[in-house]
Amino acid sequence: MSLFEPVFRWLEPDSRDVVYARVDFLVLLGRHLLVVTIAAALATLLGVLGAIAVTRPAGREFLPLVAQVASLGQTFPPVAVLALAVPVLGFGTLPIVVALLLYGLLPIVRNTLAGIEGISPSVLEAARGMGMTGGQILRQVELPLAAPVILAGIRTSVTINIATAALGATVGSSNLGDPIISGIVNGNTAYIVQGALLIALLALAVDSVFARLSSR
């Protein structure tokens, strides 16, 4: 960031400090990725397993309920989830992980359901005709065929949560949202631009990684 100090000085000519230096940006990046990774792993695990469960004959009656619960997570703004979670969970990383988990479930559940239910019945019938068990059909037929759609849901969820994770800075979870919140509090546009720029670049980089995975 120090290399671009002249640009930030142009944005904030009257500020003494124009480069955020309270915490190293690499440290903030690592913390940001950690929070998003934990939330994404939990959302993927719960979302995919939940969607699989309700597409089985024994759990199909719960399909509307699971879809509604997943949708409910995105109807609550992340700020409201944080406000409700902090009194129970305290300040720190846990509230933002919970908020990201709830916010990231819908795309994963929706795409997993779409991917599995979009498989042609004739394909499943052929698998059963070959003598495959239900578990074998799931592992060797349904999940491989639905994988691109499921991965697209995970990609959407993670990309959205990279930006949303910045709100963690408001409840004591240090990440790339720190310079943004500091810039808002101190009226320093340069700080805000630095945080927003890094989050945008991180989101683009992660999205590119998922694009490569999808092509494979």
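The structure under discussion appears in the preceding block.
So, a few notes on the structure that sits alongside this text. Computed from a predicted model, the values in this text were never measured in an experiment. (Residues numbered from 1 in each chain as written. Predicted model: local features only at pLDDT ≥ 70, side-chain atom pairs only at ≥ 80, totals over all residues. Heavy atoms only, no water.)

## Focus on the layout of surface pockets
Here is step 1: Taken as a whole, the largest pocket encloses approximately 190 Å³ of empty space.
Here is step 2: Taken together, Thr55, Arg56, Pro57, Arg60, Ile116, Glu117, Ile119, Leu124, Arg128, Gly134, Ile137 and Glu142 form the lining of the largest pocket.
Here is step 3: Elements with a minimum of two residues in the lining of the largest pocket: helix 5 (93-117), helix 6 (121-129) and helix 7 (134-164).
Here is step 4: In terms of residues, the lining of the largest pocket owes the most to one element, helix 7, which gives three residues.
Here is step 5: In terms of residue class, the lining of the largest pocket is made up of five nonpolar, two polar and five charged. (1 Å grid on protein atoms, 1.4 Å probe; cavity = no way out; pocket = protein on both sides within 12 Å on 5 of 7 lines; lining within 4 Å. Points joined across faces, edges and corners; volume = space filled by probe spheres on them. Helix = DSSP H or I, 4+ residues; strand = E, 2+ residues; numbered from the N terminus. Nonpolar A, V, L, I, M, F, W, Y, C, P; charged D, E, K, R; others polar.)

## Re helix 5
Here is step 1: The terminal C-alpha atoms of helix 5 lie 36 Å apart, and with 25 residues this matches the ideal 36 Å at 1.5 Å per residue to within 8%.
Here is step 2: At Leu105, helix 5 shows its largest kink, close to 35 degrees, and the proline Pro107 lies no more than four residues downstream.
Here is step 3: For helix 5, the tally of buried residues reaches 18 of 25 residues, placing the bulk of the element in the interior. (Expected span 1.5 Å × (residues − 1). Bend = angle between axes of the 7 residues up to and from the residue. Buried < 20%, exposed > 50% of the residue type's maximum accessible area, 1.4 Å probe, protein only.)

## Side note on the packing of aromatic side chains
Each aromatic ring pair is summarised here by two numbers: the centre-to-centre distance and the angle between the ring planes.
Here is step 1: Applying the stated criterion across every chain yields a total of two aromatic pairs.
Here is step 2: Summarising the aromatic geometry, the rings of Tyr20 and Tyr191 are spaced 5.4 Å apart at their centres and angled 90 degrees between planes, so their arrangement reads as edge-to-face. Here Tyr20, found in the loop between helix 1 (5-11) and helix 2 (25-55), pairs with Tyr191, found in helix 9 (residues 189-215); they are 171 residues apart in sequence, far enough to count as distant.
Here is step 3: Aromatic rings pair up to connect Tyr20, Phe25 and Tyr191 into one cluster. (Phe/Tyr/Trp six-rings, centres within 6.5 Å; stacked < 30°, edge-to-face > 60°.)

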